[in-house]
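A look at the structure
Residue-level listing of the chains:
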Amino acid sequence: MIYILIPVIIFITDFLIKDKIEKTREIGEDEEILGGKIILHKYHNKGAMLNFLDKKQEFVAGLSTGMTVGVLFAYLWLLGKKGMGLLKTGFALVLGGAASNIYDRIKRGYVVDYFSFQTKWKKFRQIVFNISDICIFAGSFLFILWNLRNKS
């Protein structure tokens, strides 16, 4: 049951945060939180990661949707298997994050990103994320970890 709740919780949480950011923030308005370690922004990402292919929004939306459908089928197949909790968690994180970002791409025409990390590296500080991005990254990491642990 937890593996079904994870993507639902990610989707709902990120949806609510994105909606609040859209309604209460202006682009270019920054706010430091958690002792300045995190910076809240409002950013519309029209492309893929790091705004790559921002002029090809329909292509990015179609590719993202197709990849997410593939992840969904693998996830549903995996749910019927015993064990493999690490892998199921990874797929659940990726699926929840991808679904939230795809919803944005289809509904808004862009993905709402809303925070960055305060670091000494200016380039990294300029990258703006959302919770879905972090979940996709974490889920992918768990998938890699599972594969390394189960390598024959």
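Report on the accompanying structure.

What counts, and where the lines are drawn
- Residues numbered from 1 in each chain as written.
- Predicted model: local features only at pLDDT ≥ 70, side-chain atom pairs only at ≥ 80, totals over all residues.
- Heavy atoms only, no water.
- Salt bridge = Lys/Arg side-chain N within 4 Å of Asp/Glu carboxyl O.
- Helix = DSSP H or I, 4+ residues; strand = E, 2+ residues; numbered from the N terminus.
- Buried < 20%, exposed > 50% of the residue type's maximum accessible area, 1.4 Å probe, protein only.

Under the criterion given, the structure shown has eight salt bridges. When the shortest N-O distance is used, the salt bridge between K18 and D14 registers 3.0 Å. Taken as a pair, K18 and D14 lie in helix α1 (residues 2-24) at a separation of four residues, close to a single helical turn. Classification of K18 by relative accessible area gives buried; the value is 0%. With a relative accessible area of 0%, D14 lands in the buried category. The salt bridge involving R25 is made with E29; its shortest N-O contact spans 3.3 Å. Several salt bridges converge on common partners, so that one network encompasses D14, K18, E22, K42, D104 and R108.

By themselves, these figures tell us nothing about what the structure is for.
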